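Structure assessment
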Amino acid sequence: MAAWLSVAGFSFFAGIFFTNGAKSPPAIVEQDVHEKPYRTKDSVEIKCKATGDPLPQISWYKDDEFLKIGNDLRLVLVTGEGTLVISKPEEKDQGFYQCNATNVFGTSLSVKTHLRMAVLGKFPRKTPGTLHPSLGSSLVLGCTPPNSYPKANIYWGTIKNGEPFSPIQYDARVTINYDGKLFISHVLAEDDMGGARYVCFVQNIYLKNAVQGDDVIIDPSGNQISAKAVELMWSKSTNVIVLRGETAKLKCIFSGKPTPTVKWERKDKGENIKLPKHQLTSANMEIKIPNMQFEYAGTYECIGRNVETPNDGVRNSFQVSVQSKPYWIDEPKDQIAAPNETVRYLCRAGGIPAPTIQWFINGISIIATNQLSNNPRRIQNGVHELRFENVLTSDATVIQCNASNIHGYLFADVFLNVIIEPPSFLLEPKDAKIAARTNSFTFTCRVRGAPKPLIWWEKDDTTISGGSKYMIHPNGDLEIMRPQSTDAGTYKCFARNKFATKKTSATLVVREPTRILLKPKSLAVGKGGQAKFICTATTDPDELDNLKVNWKKDGDWINYSGAQRVYNNLRDKSLHVSNLIGLDTGSYTCVASNGLDEDSATAGLTVIGKPESPKDIVVTQCSLPTAKVQWSSGADNNVPIISYIVEYNVSFAPDVWHRVPEEIEKSDTQASIQLSPWANYTFRVFAKNYAGLSKPSVPSNLCSISSQVAPSLNPVDVHTEDRGPGKLYIKWAPLPEREHNGRNFFYVLKYRRLDDNSAEVTHKLERFWHHLHPLFEAELGSVYKPIAISVQSGNSAGFSTVVPQYIIGYTGGAAPAAAPGEFKLVGSSGYSTATFSWLAVDPTSDLMNGWLIGYVIEYWAKDDTEKTNIRYHRYILPGRSAVDEAKPYLDQLKGRKKRESDDQRVKRQTTASYTVTVSDLPSNIRVLAHVRVLNKNYAGPASNQVEFQTQQGVPGPVTSLNILSIGPNYMKLQWKPPVYSNAIIEGYNLYFAAVVVSSDGKYELGKKQPRIPQISVQQGSSSEVNASLSGLAYGTRYRIFVHPRTVQDQEGADNFIERDTKSPKAPGRPDFRVTDITSHSFNVTWKPSSSAPGAGFFVKYKREGTNYWDHTSVQTNLNWINITNLEPGSMYEVSVVAYNGEQYQTVGLTQSVEILGTRIVPSEAADSVWFYALLSALILVVAGLIAIRVIRKRRLDRYGDPLDREPLSPFTADISKDTEDAFYRSRDVSRSDLTLTNRTPTNSSDTSDEGFSDHADGNHGNKNKDPNWREDIDIDSHHVQDVPKQIPSSYSTFV
């Protein structure tokens, strides 16, 4: 099968229009996903709907073999379409299913849908383990989930006997990485959680089941926590490819005590450059760069610091490159032509790497079948053009073009139809009212006809010729550039071909623009004060009644009901913010709008609240070994001081201030500072509160220590660096000047070779060596030889009081000349893990040219022929550290003579082979790999190469999440697929929760609820996604979460957005029809008002001559209902009521309906006893109803109508849709929650009405269905969940 069939559908045909009597090729307009799970207890269906004239014939194939539907009673095709339904599916029903639609013009194929049975295994039983990490050490916890399909989600939490699962709260110290592992930067005593067990929680959402396992108890050891320097625990791959327009995500996790702070930088040739627009998350451990552009490529660094790792900190670099998916340059379009015309299809796409282009006709490659050579009127002009010359009516066909690269694809499915047709308007221009100086305005005029009509425009009967003012687009639209009041008037669109000339017109009204006259001014106000921003505006006189002024804070609309301290004065258009706090700092934007255009102006508000500087700084003691400093507090500016910070400088560097590591408690106003000899000190103090640090105090008086003593420290971090074969480079950390303890400071450097007992060499390094990074160089000529080295400090008072320690260094090495042997793949698991083995390199070999420390596995995508994105996995051998390297020579430093066996101790044999697992492989791709041996600074030659395929992974979050429109009970959303799909995405899961205000005034998130049904898309689609979320409470803020979902039904990372629903209003009057009238029932189908549809509907009906109306239940998911148990031969009055709660109801017009059959008139009662018994029963029933009514009335008077607080049930229609049939989209369910019987009568009294459809039986089939009216299927009642007040469940339609 051609590759395009597995990645694209034929949805483009959904908008084709044909003239009466015109024939058309087949097109599958609705199909299912690439992979679909099922539960054995529930029926499963595979969608397939097709159009075409003649009507296509539908057939199904399973595992590429024809499927005989009639041979298995469990297999049923939905009437009127090709959807396949399998009831009570079994394990044997797993396989690949494909739908074929065929007519005389060709064949259209659906994607292959893989049906898989859902499963979730269990964790093996085992006793919880106990870990005893030292206090202050780092810790990583992993999780090995059981077998699951669809793939399960992993969460972390703790469980204690008798208590529920408690999720772990992530912060700067405790976090998770992209693989779900739990990282603790440094262990604290409270991490024992009172003996609770740490568990990973595995959830299969599709099966609605979860298991827990991999229990572990953390029991920290030790009773003191010592400070620890920063180390890198984990980071995302250092080589990152990001697609243009998507979001880059980089993350580093550091260990250390105190908890490291993380900073991000961008480098260019070693210099810092400005970061692009970005967002920092996970306590700054993660950076997200949205809308990546080619110019954002380069080097990014994360830097982890704490007091133990100051200065440059620990750095980790990422090399970020930007590529792109294919994008259209020339996209093929549907074309209708007249006989003997020539038709050209262009298919040109850009992208990095450059996309490849493939053409198909009726789903068959034009290259594989020589379709062009068999028809000389079909010509391919290069790669990008397909031409049909002198077309005939028999040339009607379907053309496909696929443009793809390694990042994705574009797919166009277009038609060629050859007909004879005069011009007709598909979309006509509409009257419009706009504001002057709008960038541009466009009148729409879309025309069809064959031959293709000529289109021209006139304004006020004058032909428009184009120029800088007007542009007539190829599709017929007229664009007016920067319209002015003189552009108002009547515009006419003309269309002409050889058969006829048609015209249509529209009127344009141009208003003067909205302008802000008095702009708000920026303010700086102290905490607790009040800020007032004034803003006045004007607009066109005819639009003054529509002029409104509103306010934003930091780009978001202000919610006045939720912000009680913020008041919008509608009289003078001013904004008041009272009782200011630090969080009120920000930008405030005045937006003036009349519904046509808007103007805005922004001002800033700064809330002052940092403490004043401490004062009266006094040195009360100035002598070795400590100084004592005292001060007085300054004003705290209404935010209590929480601590003080002391800094000092010395005369050697008066502009460099050093911070005392420990902060001083707020109750103390003095500090003791350790001093060094031969230095002059001054001190300053900061006050700290929750608003920030104060300015520094005035420096203290001078504290002078004039005595000289020999240095008490020697340099640290003495080591050698490999700067070339045979070269000796010795470096050490400089001793700070405040540790020199006297004048004339110097270093004494000693070194000697250990392999040949050479004499020791001594150098005295004077003042010249007091630079930032002391370095000694010598050329010894021998590759990788051991050197004993010591560095001692001294000054005029003598040598340091500490005996210098010798370290073992080495002359420069070289790259190994040996390669590992028999490199091979021995196993793989998951989407990013593989295990390799190879034969070790002999560490005693002279070919090593250095100390063998391990191996590096290099791997890359097979398609990356230039190896531009190689990844690395280093495997460092245990026992091969610098200490182990130097160990054979330590006895020589103590005076023992060298023995011949020492050489064997230096170069001891390692194991014969290694097996290593790599867990950072690229997902869903073919991979090439090899291994190299490593010494301390070089990698050797590559081994033999292996090739293998990786599995699918976990998608990242969606991008560009946005709200398109909002109503009282719905929101319409839009987003783009994730930057990193890592798998085939077949849909999206939406969840929502209300944002409520707690009793203490804080914002809290309500219960998180799923959207039912969730959203399915074309597998692997890169298009924007639109979806509706309905049935929401009015005037309520909601947070909506979106997760991508893979074909294994695994959820990816979430993205979310918050918005408020609007206030309710009375719905518009619905239209309805009554059909399928029988002797006991009829169907009622309604069409909501397009402007204000309503949240639900119910039918009221009564028999003529009676006063009591019967009511159905409120329907929120259906647009029809079947009324049963009617009296034959009777006349009924029927109406449909649009419902937005008890206070907002609109009744439709009443219709009279006559029921079929003969009315049975009861004869006089033959038995008076029976008559009086019946009469008594009726009296009792009436009395009971009156009692119920009275009770209900009292409850309503006391508590109010609950429907005013919360809708009865979810409302699924997308009411933001402009077209009238937005309320009639199909929904897939297993049963109905109607209180009346749903069935289709066998007879109908009205089958000719247009715009209304008949309704089938419990399988929700629909015969003789009008395309303008669509059936909505009710949602299974067991999907409805308990929800908090003002938070209804939501069942929404995917658009």
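Structure first, text after, so check above.
Overview of the structure. Just so it is clear, the model here is predicted, and its values are computed rather than measured. (Residues numbered from 1 in each chain as written. Predicted model: local features only at pLDDT ≥ 70, side-chain atom pairs only at ≥ 80, totals over all residues. Heavy atoms only, no water.)

**Notes on the state of the cysteines**
Counting across every chain of the model gives seven disulfides. Disulfide pairing is shown between cysteine 347 and cysteine 401; the S-S distance is 1.8 Å. Where cysteine 347 bonds to cysteine 401 through sulfur, the torsion about that S-S bond is close to -75°, and the disulfide is left-handed. Of this pair, cysteine 347 sits in the loop between strand S32 (343–346) and strand S33 (348–352) while cysteine 401 sits in strand S38 (residues 397–405); the two residues are 54 residues apart in sequence, bridging distant segments of the chain. A residue is classified by how much of its surface remains accessible, and cysteine 347, at 0% relative accessible area, is buried. Linked covalently through their sulfurs, cysteine 535 and cysteine 590 form a disulfide whose S-S length is 1.9 Å. Negative torsions about the S-S bond denote left-handed disulfides, and the value of about -70° found for cysteine 535 with cysteine 590 makes this one left-handed. Of the two residues, cysteine 535 is situated in the loop between strand S52 (531–533) and strand S53 (536–538) and cysteine 590 in strand S58 (residues 586–593); the sequence distance between them amounts to 55 residues. Of the two residues, cysteine 535 and cysteine 590, neither departs from the other in class, the shared state being buried. (Disulfide = S-S within 2.5 Å. Helix = DSSP H or I, 4+ residues; strand = E, 2+ residues; numbered from the N terminus. Buried < 20%, exposed > 50% of the residue type's maximum accessible area, 1.4 Å probe, protein only.)

**Description of the nonpolar core**
With 24 residues, the main nonpolar core has Val242, Leu250, Trp264, Phe318 and Val320 as its most contacted residues. Counting only elements with at least two residues in this core, the list comes to strand S22 (228–235), strand S23 (239–243), strand S24 (248–257), strand S25 (261–268), strand S28 (286–289), strand S29 (298–306) and strand S30 (309–330). Here this core takes five residues from S24, the largest share from any one element. Discounting chain neighbours no more than four positions away, the residues touching leucine 250 are Tyr178, Lys236, Val240, Trp264, Met285, Glu286, Ile287, Tyr300, Phe318 and Val320. Core analysis: the second largest hydrophobic core is formed by 23 residues, Val1017, Leu1029, Leu1032 and Ile1057 among them. (Core = buried A, V, L, I, M, F, W, Y, C linked by side-chain atoms within 4.5 Å. Contact = heavy atoms within 4.5 Å.)

**Re the pattern of salt bridges**
In total, this model carries 51 salt bridges according to the counting rule given. Two residues, aspartate 477 and arginine 446, come together in a salt bridge whose shortest N-O distance is 2.8 Å. Placement of the pair is aspartate 477 in the loop between strand S46 (470–472) and strand S47 (478–481) and arginine 446 in strand S43 (residues 446–450), with a sequence separation of 31 residues. A relative accessible area of 5% means that aspartate 477 is categorised as buried. Relative accessible area serves as the criterion here: at 29%, arginine 446 is assigned to the partly exposed category. Linking arginine 1039 and glutamate 1058 is a salt bridge whose minimum nitrogen-to-oxygen distance equals 2.5 Å. One end of the pair, arginine 1039, is in strand S91 (residues 1037–1046); the other, glutamate 1058, is in strand S92 (residues 1055–1060), with 19 residues separating them in the sequence. (Salt bridge = Lys/Arg side-chain N within 4 Å of Asp/Glu carboxyl O.)

**Describing the packing of aromatic side chains**
Taken as a whole and judged by the stated rule, the model has 30 aromatic pairs. Ring geometry for tyrosine 855 and tyrosine 914: centres 5.3 Å apart, planes at 50°, overall tilted. Of this pair, tyrosine 855 sits in strand S79 (residues 854–861) while tyrosine 914 sits in strand S81 (residues 913–918), and the two are 59 residues apart along the sequence. Under the relative-accessibility criterion, tyrosine 914 is labelled buried at 9%. Aromatic ring contacts, followed pair by pair, group Phe823, Phe836, Trp838, Tyr855, Tyr875, Tyr914 and Phe948 into a single cluster. One residue, arginine 684, lies across the ring of tryptophan 657, its end atom 4.2 Å from the ring centre. Over the ring of tyrosine 991 we find lysine 1008, and its NZ or CZ is 5.2 Å from the ring centre. (Phe/Tyr/Trp six-rings, centres within 6.5 Å; stacked < 30°, edge-to-face > 60°. Lys NZ or Arg CZ within 6 Å of the ring centre and 35° of its normal.)

**Examining the sheet that holds strand S37 (residues 385–388)**
Here three strands make up an open sheet; going across it, the order is S32-S37-S36 and the pairing antiparallel. Every other strand in the sheet has two partners, leaving S32 and strand S36 (378–381) as the edge strands with one partner each. Averaged over all pairs of adjacent strands, the angle between their axes in this sheet comes to 20°, without regard to strand direction. Pairing of S36 with S37 involves four bridges; the strand directions are antiparallel. Considered in S37, the bridge of arginine 378 is made with phenylalanine 388. (Pairing = 2+ DSSP bridges. Axes fitted to C-alpha atoms, helices over the stretch in contact; angles between N-to-C directions.)

**Digging into the sheet that holds strand S3 (residues 44–46)**
Note on sheets: strands pair through backbone hydrogen bonds, and any given pair is parallel or antiparallel. The antiparallel open sheet is built from three strands, whose spatial order is S3-S8-S7. The two strands at the open ends of the sheet, each matched to only one other strand, are S3 and strand S7 (75–77). Put simply, the sheet's adjacent strands are angled 25° from each other on average, direction ignored. With three bridges joining them, S3 and strand S8 (residues 84–86) adopt antiparallel strand pairing. The residue of S8 that forms the bridge with isoleucine 46 is leucine 84.

**Focus on unusual backbone geometry**
Put simply, aspartate 53 and proline 54 share a cis peptide bond, and its omega is 10°. Tracing the backbone shows proline 54 in the loop between strand S4 (48–53) and strand S5 (57–62). In this structure, the amide linkage connecting isoleucine 352 to the following residue, proline 353, adopts the cis form with an omega of -5°. Within the element layout of this structure, proline 353 appears in the loop between S33 and strand S34 (356–361).

**Here we look at the pairing of strand S60 (residues 615–623)**
In terms of strand pairing, S60 meets strand S61 (residues 626–632) through six bridges, oriented antiparallel. The partner of glutamine 621 across the bridge, within S61, is lysine 628. Count of turn residues in the S60/S61 antiparallel hairpin: two residues.

**Details of the side chain of arginine 387**
Along the chain, arginine 387 falls in strand S37. The buried category is assigned to arginine 387, whose relative accessible area is 18%. At a separation of 3.0 Å, a polar atom in the side chain of arginine 387 contacts the side chain of glutamate 389. Apart from residues lying up to four places away in sequence, arginine 387 is in contact with Thr342, Val343, Arg344, Arg377, Arg378, Ile379 and Asn381. (Polar contact = N/O pair within 3.5 Å; in protein donor to acceptor, adjacent residues only side chain to side chain.)

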